[in-house]
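Read off the chains here:
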Amino acid sequence: MKAAVYYENGGPEVLRYEDVPDPVCHPKGVILRVEAIAIEGGDTLSRFGGPLVTKPHIVGYQAAGEIIEVGAEVTHLKVGQKVATVNNFGSHAALRSVPARNCWPVPEGYDIAKASVIPVTFGTAHDCLFEYGRMKAGEIVLVQAGASGVGVAAIQLARRAGAKMILATASSDARLERLKPLGMDAGINYREHEVPREVRRLTDNHGADVVVDSVGGSTLQGSINSLAYRGRVSMVGAAGREPMVVDVGSMMGGNRSLSGVFLGAEIMTDRVHDMIQGLIDDAAQGQLEVVIDRTFPLSEAAAAHAYIESRAAVGRVVLVP
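In this text the structure is predicted, and so the values were computed from the model without any measurement. (Residues numbered from 1 in each chain as written. Predicted model: local features only at pLDDT ≥ 70, side-chain atom pairs only at ≥ 80, totals over all residues. Heavy atoms only, no water.)

Draft legend 1. Here's a closer look at the side chain of serine 223. Examined against the element boundaries, serine 223 turns out to sit in helix H6 (residues 218-225). With residues near it in sequence (within four places) discarded, serine 223 still touches Gln144, Val211, Asp213 and Val233. (Helix = DSSP H or I, 4+ residues; strand = E, 2+ residues; numbered from the N terminus. Contact = heavy atoms within 4.5 Å.)

Draft legend 2. Layout of the pairing of strand S9 (residues 165-170). Counting buried positions along S9 yields 5 of 6 residues, so the element is predominantly enclosed. The pairing of strand S8 (residues 140-143) with S9 spans 4 bridges and is classified as parallel. Residue pairing for S9: valine 143 is matched across the bridge by alanine 168. Where S9 lies against strand S10 (residues 186-189), 4 bridges are found, and the strand directions are parallel. Note that in S10 the partner of threonine 169 across the bridge is isoleucine 188. (Buried < 20%, exposed > 50% of the residue type's maximum accessible area, 1.4 Å probe, protein only. Pairing = 2+ DSSP bridges.)

Draft legend 3. Representation of empty space enclosed by the protein in the model. What the rule picks out here adds up to 1 cavity of 30 Å³ or more. By volume, the largest cavity amounts to about 30 Å³. Taken together, Val117, Phe122, Gly149, Val152, Ala153, Glu289, Val290, Val291, Gly315 and Arg316 make up the full set of residues lining the largest cavity. Listed by contribution, the elements that provide at least two residues to the lining of the largest cavity are helix H2 (112-131) and helix H3 (149-160). Each residue belonging to the lining of the largest cavity can be placed in one class, and the counts come to 6 nonpolar, 2 polar and 2 charged. (1 Å grid on protein atoms, 1.4 Å probe; cavity = no way out; pocket = protein on both sides within 12 Å on 5 of 7 lines; lining within 4 Å. Points joined across faces, edges and corners; volume = space filled by probe spheres on them. Nonpolar A, V, L, I, M, F, W, Y, C, P; charged D, E, K, R; others polar.)

Draft legend 4. Molecular detail of the layout of surface pockets. Here the second largest pocket defines a volume of roughly 300 Å³. Broken down by element, the lining of the second largest pocket gets its largest block of residues, 3 residues, from strand S6 (residues 95-99).

Draft legend 5. Highlighting the packing of aromatic side chains. This model, assessed by the stated rule, comprises 1 aromatic pair. Above the plane of the ring of tyrosine 307 lies arginine 294, whose end atom (NZ or CZ) is 4.8 Å from the centre. (Phe/Tyr/Trp six-rings, centres within 6.5 Å; stacked < 30°, edge-to-face > 60°. Lys NZ or Arg CZ within 6 Å of the ring centre and 35° of its normal.)

Draft legend 6. Geometry of the sheet that holds strand S11 (residues 208-213). Pairing is parallel in the open sheet, where 6 strands are placed in the order S10-S9-S8-S11-S12-S13. In this open sheet, the two strands that pair with only one neighbour each are S10 and strand S13 (257-260). Put simply, the sheet's adjacent strands are angled 15° from each other on average, direction ignored. Pairing between S8 and S11: 3 bridges, direction parallel. In the sheet register, leucine 142 faces S11, and the bridge partner there is valine 211. Of the strands in this sheet, S11, strand S12 (227-235) and S13 are in contact with H6, which crosses S12 at around 150°. (Axes fitted to C-alpha atoms, helices over the stretch in contact; angles between N-to-C directions.)

Draft legend 7. Highlighting the packing of H2 against helix H7 (residues 270-284). It is at 9 Å that the axes of H2 and H7 come closest, and there the two elements cross at 115°. Taken together, the axis directions place H2 and H7 in an arrangement best described as roughly perpendicular. Where H2 crosses over H7, the handedness of that crossing is right-handed. On the side of H2, the interface is formed by Ile118, Pro119, Phe122, Gly123, His126, Asp127 and Glu131, while H7 contributes Arg271, Val272, Met275, Ile276, Leu279, Ile280 and Ala283. Residue composition of the contact of H2 with H7, by class: 9 nonpolar, 2 polar and 3 charged. (Parallel < 35°, antiparallel > 145°, perpendicular 65-115°, else oblique. Left-handed = near helix turned anticlockwise from the far one by under 90°.)

Draft legend 8. The arrangement of the nonpolar core in detail. Ranked by internal contacts, the top residues of the largest apolar core, which has 53 residues, are Ile118, Leu129, Val141, Ile155, Leu179 and Ile276. Taken together, the elements giving at least two residues each to this core come down to strand S3 (29-38), strand S5 (82-86), H2, S8, H3, S9, S11 and H7. With 10 residues, H2 is the largest single contributor of residues to this core. Not counting chain neighbours up to four residues away, the residues in contact with isoleucine 155 comprise Val143, Gly146, Ile166, Ala168, Leu179, Leu182, Gly183 and Met184. (Core = buried A, V, L, I, M, F, W, Y, C linked by side-chain atoms within 4.5 Å.)

Draft legend 9. How the structure looks around unusual backbone geometry. Omega for the peptide link from lysine 55 to proline 56 comes to 0°, which places this bond in the cis form. Positionally, proline 56 belongs in the loop between helix H1 (41-49) and strand S4 (62-70). Despite not being glycine, arginine 134 shows a phi value in the positive range, around 50°. Within the secondary structure, arginine 134 sits in the loop between H2 and S8. By relative accessible area, arginine 134 is classed as partly exposed at 44%.

Draft legend 10. Region of interest: the environment of leucine 15. With respect to the helices and strands, the residue leucine 15 is situated in the loop between strand S1 (2-5) and strand S2 (16-19). A residue is classified by how much of its surface remains accessible, and leucine 15, at 10% relative accessible area, is buried. Taking the C-alpha atoms as reference, leucine 15 lies 40 Å from alanine 161; in sequence the two are 146 residues apart. Non-local contacts of leucine 15, meaning those with residues more than four positions away in its chain, are made with Ala4, Val5, Tyr6, Arg47, Ala301, Ala302 and His305.

Have a look at this one:
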């Protein structure tokens with residue numbers, strides 16, 4: 001099969017489009033003919049500095065497509081079924097082998113590219129807001145990196161849950177403008193404004209009750225400083241690729257809290273599995289919008305990764321084998 005692989009960590013240029021052996025079906029898994037690959041922020045971080053579990057290594061969490069082989073111990077999935085999948089690596093390929101537990105059926109007629117985006121992206125946003133952020137209707141939500149895949153999802157989920165106000169940050173006014181139809185009330189261009197100060201101004205000095213932060217680094221302290229009394233930060237990524245250094249003392253006076261969020265730690269649980277299936281079903285019914293900024297052929301995976309790292313995208317970037 002064809003795959004985007006690399007032999008050493010580094011920038012997008014390490015990706016090569018090559019022939020590699022077809023994957024083998026595990027008795028408790030399936031083989032998928034990949035139709036769409038949603039590139040996660042974690043995929044670019046893994047390529048840059050993560051372990052090479054295989055060599056050459058095929059990076060990637062998320063992909064969706066058609067099941068072409070079912071393991072001997074799998075009874076709830078069948079050949080020909082369309083599914084969205086998640087695994088630790090292996091998405092950037094024409095075929096992938098995944099545990100059956102990591103498959104979610106895609107409703108008939110729903111766009112397979114959009115389905116490929118949902119499990120990690122919307123699942124992570126959901127956990128940041130509700131499982132760990134404990135968001136309630138009537139609260140103020142700040143979404144750092146609002147134009148990211150998780151950001152786009154979090155804005156919609158917060159709006160659907162009855163947030164009083166949704167603020168989001170991005171690197172340009174143009175990117176922020178594209179978030180308004182999704183439910184953002186006010187945007188903050190972090191290149192031009194100090195985020196905590198703008199949050200205070202926009203909320204009449206209340207602050208944000210819940211912050212979803214997928215950037216980390218120096219941005220994380222700004223998220224903490226943006227919190228209201230008893231506010232909660234859900235920290236879910238390190239897109240900024242900077243050390244996570246915060247002043248814990250800045251949380252004490254306002255009884256604030258900080259939670260680290262990693263969906264992968266609980267993705268095999270019934271709670272998360274059912275939550276993701278519900279999000280896919282909701283999207284298929286038109287209740288949620290999956291935003292795909294651009295689509296690249298798998299052979300141009302290096303260009304797709306470079307585009308993501310340019311921070312020009314709004315939503316997810318998808319590869320098509």
